[in-house]
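One letter stands for each residue in the lines below.
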Amino acid sequence: MRAETPELDRLLANIRACRRCVEAPDRQPLPHDPRPVLRVSRTARLAVCSQAPGTRVHASGIPFTDDSGDRLRDWLGVSPQEFYDEARVVIVPMGFCFPGQDDKGGDLPPRTECAKLWHRSLFDRLPQLELVLAVGSYSQRFHLGSEMGASLQATMLDWRKHLRRRKRPRVLPLPHPSWRNNAWLKRNPWFEDELLPVLRREVRKLIKCGF
């Protein structure tokens, strides 16, 4: 769906044309051409805000086209058609482009340039958002700020408090759906037993609203 305001249109065009991490980076330049990956509309009430695209998403240009995406959609209780409907779901990672890999083949952290340049302006133009799913610690740090706990564990254990906050949009922290968090998920069965049913109800309510 095309953005509905000229201001948002211009902002998205500038994000998709951005080369700051190559031409004037905060640290080492991005090791490949930028390919910003995000999905935005003025109608979606739900936002999925994660870390940064991986190699498969960099190749496809479509967010969460990987095993992590399959697990995330299962957590949310949505079909791929619902998840990729921009009218229903906004997807905004902390770093818009694949950041590259470290010496061990792991993904580098999200680029810092994106949040500093674009995120405040972008979310200011999305006043209809009712719930942000803050996936991973980088997203939680941005969207929760001083309300974030001292660790992922502390932040996740406070999920009810974050979901009940009066400030809008509400923020629900989630661990990253990567296989690297399998051990954490196994140690914390309350995530599946207590949090996921609430998450699925909230998501279903928001993506059905207006349709």
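The structure this text deals with has already been given above.
Residues numbered from 1 in each chain as written. Predicted model: local features only at pLDDT ≥ 70, side-chain atom pairs only at ≥ 80, totals over all residues. Heavy atoms only, no water.

## Here we look at the side chain of Arg 39
The condition that has to hold: For the purposes of this entry, the term helix denotes a DSSP run of H or I that reaches at least four residues, the term strand denotes a run of E that reaches at least two, and both are numbered from the N terminus. For the purposes of these results, a polar contact is taken to be a pair of N or O atoms within 3.5 Å, where, inside protein, one atom must be able to donate a hydrogen and its partner to accept one; residues adjacent in sequence count only when each atom of the pair is a side-chain atom.
With respect to the secondary-structure elements, Arg 39 resides in the loop between helix 2 (20-23) and strand 1 (46-49). At 2.7 Å, the side chain of Arg 39 and the backbone oxygen of Tyr 84 are in polar contact.

## Some words on the nonpolar core
Just so we agree on the cut-off: Buried residues of nine kinds, namely Ala, Val, Leu, Ile, Met, Phe, Trp, Tyr and Cys, make up a nonpolar core once their side-chain atoms join them within 4.5 Å. In this scheme, a residue with accessible area under 20% of its type's maximum is buried, one over 50% is exposed, and one in between is partly exposed, where area comes from a 1.4 Å probe on protein chains only.
Ranked by size, the top nonpolar core spans 30 residues in total, and within it Val 48, Leu 133, Phe 191, Leu 195 and Leu 199 carry the most contacts. At the level of elements, strand 1, helix 4 (67-76), strand 2 (89-91), strand 3 (131-135), helix 9 (159-164), strand 4 (170-174), helix 10 (182-187) and helix 11 (190-208) are the ones that each hand at least two residues to this core. A per-element tally of this core places helix 11 first, with nine residues. Formed by 27 residues, the second largest nonpolar core is a distinct cluster that contains Ala 47, Val 90, Leu 126 and Leu 144.

## Section: unusual backbone geometry
In the segment running from Arg 168 into Pro 169, the intervening peptide bond is cis, with an omega of 0°. Within the fold, Pro 169 resides in the loop between helix 9 and strand 4.

## With respect to the packing of helix 1 (residues 6-16) against helix 6 (residues 112-124)
Operational definition: Angles here are taken between N-to-C directions and fall from 0 to 180 degrees, while the axes themselves are lines fitted to C-alpha atoms, restricted in helices to the stretch in contact. Throughout this description, any angle smaller than 35 degrees is read as roughly parallel, any larger than 145 degrees as roughly antiparallel, any in the 65 to 115 degree range as roughly perpendicular, and the remainder as oblique. When the near helix sits turned anticlockwise from the far one by under a right angle, the crossing is termed left-handed; a clockwise turn instead gives a right-handed crossing. Throughout, a residue-residue contact means that at least one pair of heavy atoms, one from each residue, lies within 4.5 Å. Amino acid classes used here: Ala, Val, Leu, Ile, Met, Phe, Trp, Tyr, Cys and Pro are nonpolar; Asp, Glu, Lys and Arg are charged; the rest, including Gly, are polar.
One way to put it is that helix 1 packs onto helix 6 with a least axis distance of 11 Å and a crossing angle of 155°. When the axis of helix 1 is compared with that of helix 6, the two are roughly antiparallel. As for how helix 1 packs across helix 6, the hand of that crossing is left-handed. Only Trp 118, Ser 121 and Leu 122 of helix 6 make contact with helix 1, whose side of the interface consists of Leu 8, Leu 11, Leu 12, Asn 14 and Ile 15. Along the lines of polarity and charge, the residues of the contact of helix 1 with helix 6 split into six nonpolar, two polar and no charged.

## So, the sheet that holds strand 2
Spelled out, the test is: Think of it this way: DSSP has to see at least two bridges between two strands before they count as a pair.
Reading across from one edge, 2-1-3-4 is the order of the four strands in this open sheet, with parallel pairing throughout. Edge positions in the sheet fall to strand 2 and strand 4, since each has one partner strand and no second. Neighbour-to-neighbour, the strand axes of this sheet turn through a mean angle of 20°, independent of strand direction. Judged from the five bridges that link them, strand 3 and strand 4 form a sheet pairing that is parallel. Across the sheet, Leu 131 pairs through a bridge with Arg 170, a residue of strand 4. Strands in contact with helix 7 (residues 137-144) are strand 1, strand 3 and strand 4; relative to strand 4, the strand with the most contacts, it is inclined by about 160°.

## Here's the deal with the packing of helix 4 against helix 11
Between helix 4 and helix 11, the shortest axis-to-axis distance is 7 Å and the interhelical angle comes to 80°. Relative to helix 11, the element helix 4 is oriented roughly perpendicular. For the pair formed by helix 4 and helix 11, the contact residues are Asp 74, Trp 75 and Leu 76 on the first element and Phe 191, Leu 196, Leu 199, Arg 200 and Val 203 on the second. Class assignment of the residues belonging to the contact of helix 4 with helix 11 gives a composition of six nonpolar, no polar and two charged.

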